[in-house]
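As a plain string of letters, each chain reads:
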Amino acid sequence: MFISRETMSLINEIRLIYKAAVDAVRPGFLVNQAINYSDNVVHIQGELELAVDRNCHVIGFGKAVLAMALQIDKIIGQHIVKGVISIPHGVAAQYSLPDQFLNRYTIYEGAVDNIPDESSLKATKEIENMIANLKNDDLLFVLVSGGGSALLASPAEGLSLDEKKKTINLLSKSGANIQELNSVRKKLSRIKGGKLAQLSYPATTIALILSDVIGDPLDVIASGPTVKNKDPANIGLDIIQKYQLGNQLPTRVVECLSSPTTSNLDDTTFSHVHNFLIGSNLSALQAAEAYANQTGFTTAILSDRINGEAKEIGLQFARLARLFAQMMTMSNDQHEKMEELSVTAENLHIDPRYCCTLERLVRSCRNVRKNLCLIGGGETTVSVRGEGLGGRNQEMVLSYLVETAVEACSDELDIVFLSAGTDGIDGPTAAAGAFSCQSQFALAQAQGLNPRTYLDNNDSYNFFNLLQQGKYHLITGPSGTNVMDIHVLCFYWK
Ligand SMILES: Nc1ncnc2c1ncn2[C@@H]1O[C@H](COP(=O)(O)OP(=O)(O)OP(=O)(O)O)[C@@H](O)[C@H]1O
Ligand SMILES: O=C(O)[C@H](O)CO
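Residues numbered from 1 in each chain as written. Chains lettered and ligands numbered in written order. Predicted model: local features only at pLDDT ≥ 70, side-chain atom pairs only at ≥ 80, totals over all residues. Heavy atoms only, no water.

S.K.: What's the story with the domain arrangement of the chain in this structure? I'm lost.
M.R.: How big an interface is tends to be stated in terms of accessible area lost as the parts join. Split into domains, the chain comes out as domain 1 (5-21 + 282-493) and domain 2 (27-279). Just the C-alpha atoms count here: the centres of domain 1 and domain 2 sit 34 Å apart. Counting residues at the interface gives 13 residues for domain 1, matched by 12 residues for domain 2. Taking both partners together, domain 1 and domain 2 bury about 950 Å²; carbon and sulfur atoms supply 57% of that area. Contact with domain 2 buries area across many residues of domain 1, yet Gly480, Asn482 and Met484 alone supply 45% of it, more than any other trio. Connecting domain 1 to domain 2 are 0 residue pairs in polar contact (both at pLDDT 80 or more). The set of elements that each furnish at least two residues to the side of domain 1 that touches domain 2 consists of strand 10 (298-309) and strand 11 (372-381). With 4 residues, strand 10 is the largest single contributor of residues to the side of domain 1 that touches domain 2. (Domains from an automatic or database assignment. Contact = heavy atoms within 4.5 Å. Buried area = accessible area lost by both parts, 1.4 Å probe. Polar contact = N/O pair within 3.5 Å; in protein donor to acceptor, adjacent residues only side chain to side chain. Helix = DSSP H or I, 4+ residues; strand = E, 2+ residues; numbered from the N terminus.)

In structure tokens:
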């Protein structure tokens, strides 16, 4: 038994939808889109106009900031006096860096496995020294993207890096979410939570931010170094109490979390700062939608806030697939289906008010037999209990497969599902994500692979690697950007 040519071509179509999404959030493209330059003046997102024929400085921290810096350098390189960026280990080798760029910039590579290290400390020290000396007339660009928290590390007075790492590690293992982790990071840092912006005063400070957090909260992304910290003073203590970590943490950490925060800073302290969100999960979803539209699909963006346990979200997508297949192929009263749709929609963090629009779309697809493409995004989590190898996207698709296998979705429709990380790396694996389609369960059975066993062992990578020699894997290599994950569910009339 083999994957059919028709299925392969549907998978390839979705591959292109994914590519359109990722291309739209490539850091260089986004910087170019945000900054317009002419006659020594930059216009940023059509909102701010600034003369750049003065000393411009650039700093950056995060997984995507090298490509951002390269693009800024292309636009206003002649005005840039100096740049310092902190990026993950191994990223620089993926780019060809012009000599004039290397002459202006100091590049630090570090934070292996997203853990701050000596390199992040050194980079941060250099950034602090540089920006503390800026003058009123200077201009500072701050490039921010996911992973920035670990790459910008400056423990608060009296704390060691090890004490800070231990705290974040314990919290992370206890299941704290990114908001909680970064609230604690802000308390334990000399530079996060708006404190970088205080240091750059009075120089005009422009932050270009690529979001990797659901809802795009600027104060959370990379722990908001240029954004006023609105956390309550006792937040750190509340969080460690919630996870019952009080007696496992170093005394100095607890003391630091108990100290008053900087949240009493007033807005004027930030009057020299302009924060711009230049890209997000929604930007990727919109590009995917535009591409799918062009190629003849009826389309809908379900939500850019899909989160929760990957296994559970995969199951909800399977329910959605079954429900839409029924709604597309049945002509009778759909009242009962609407109730089911609103329950599934809620579980997938889709705005309940959107259900009527979805129902109308399905009806129009049914009437004119048009193919339908549903697009979602966000970031799920996996509580890893098994011994296997996988990532949140592959686990979600495997869970979808297990659930859809229970009963065939439709005789009249081909249904294909993809979930993949926009960074091209799903968990500690070589894949970005995986596809599922109806024939897959039978193909797995024919090969003697039991999807349920692999799911129970968190072994989604090995399942998709073995199934049909990896034909259902999406393997792209690192994309150099990261706006979380995207999910594409397509219905094709046979
Ligand atoms: N065997 C496994 N099966 C499924 N998921 C896994 C497995 N092992 C690790 N993971 C998940 O992979 C995630 C870590 O991978 P990854 O580096 O892609 O995420 P991340 O560090 O949150 O980065 P990013 O937000 O940049 O994608 C963790 O959330 C973890 O739960
Ligand atoms: O660096 C971080 O804090 C996370 O990637 C969220 O932005």
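Having seen it, we continue.
S.K.: Looking at this structure, how should I read the sheet that holds strand 11?
M.R.: Working definition: the strands of a sheet are paired by backbone hydrogen bonds and lie parallel or antiparallel to each other. Taken together, the 6 strands give an open sheet; going across it, the order is 10-11-15-12-13-14, and neighbouring strands pair in mixed fashion. This sheet does not close on itself; its edge strands, each paired only once, are strand 10 and strand 14 (473-474). Pairing geometry for strand 10 and strand 11, over 9 bridges, is parallel. The partner of asparagine 307 across the bridge, within strand 11, is glutamate 379. The sheet contacts of helix 12 (residues 281-294) involve strand 10, strand 11 and strand 15 (485-493), and relative to strand 10 the element is tilted by about 150°. Against the sheet, helix 13 (residues 310-329) makes contact with strand 10, strand 11, strand 12 (413-421) and strand 15, and its axis sits at roughly 155° relative to strand 10, the strand it touches most. (Pairing = 2+ DSSP bridges. Axes fitted to C-alpha atoms, helices over the stretch in contact; angles between N-to-C directions.)

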